[in-house]
Amino acid sequence: MSDELPYIENEEGEFAVPCQIKIAEDCAQLGEFCETKEDARDWVENECWICSGEGYFCVECNNQVLRNIGNLQTKKMN
Ligand SMILES: [Zn+2]
């Protein structure tokens, strides 16, 4: 796991992991701000965010991706 993942830093110098894709209407947008990048990453992993290799995206967006794939497959069948 590299440290090149995107992080958002707030005014207190805390870090949060942003949702990488933000496609769901109910997207979480951002993980919780933590004192260290490691803690921020632990937080999103505890929330079951999905690691894409380049970043994380939230469960809501993962569900949206799965719905989109389902829609595509439905279109192909028609
Ligand atoms: Zn999201």
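Residues numbered from 1 in each chain as written. Predicted model: local features only at pLDDT ≥ 70, side-chain atom pairs only at ≥ 80, totals over all residues.

> So what's going on with the overall build of the protein chain? Which residues, and what values?
If you tally the helices and strands in the protein chain, you get 2 helices and 4 strands. Ordering the α and β elements of the protein chain from the N terminus gives β-β-α-β-β-α. Over its C-alpha atoms, taken along the principal directions, the protein chain stretches across nearly 55 × 25 × 20 Å. For the protein chain, the proportion of its 78 residues judged to be buried stands at 18%. (Helix = DSSP H or I, 4+ residues; strand = E, 2+ residues; numbered from the N terminus. Buried ≥ 20, exposed ≤ 12 C-beta atoms within 10 Å, placed from the backbone.)

> Quick rundown of the confidence of the model for the protein chain? Include the residues and the values.
Reading predicted coordinates in detail is not appropriate for stretches of low pLDDT. Overall, the prediction assigns the protein chain a mean pLDDT of 92, with 94% of residues at 70 or greater. Predicted confidence in the protein chain is weakest over helix H2 (residues 59-77), with a mean pLDDT of 90, and strongest over strand E2 (residues 15-16), with 98. (pLDDT = per-residue confidence, 0-100.)

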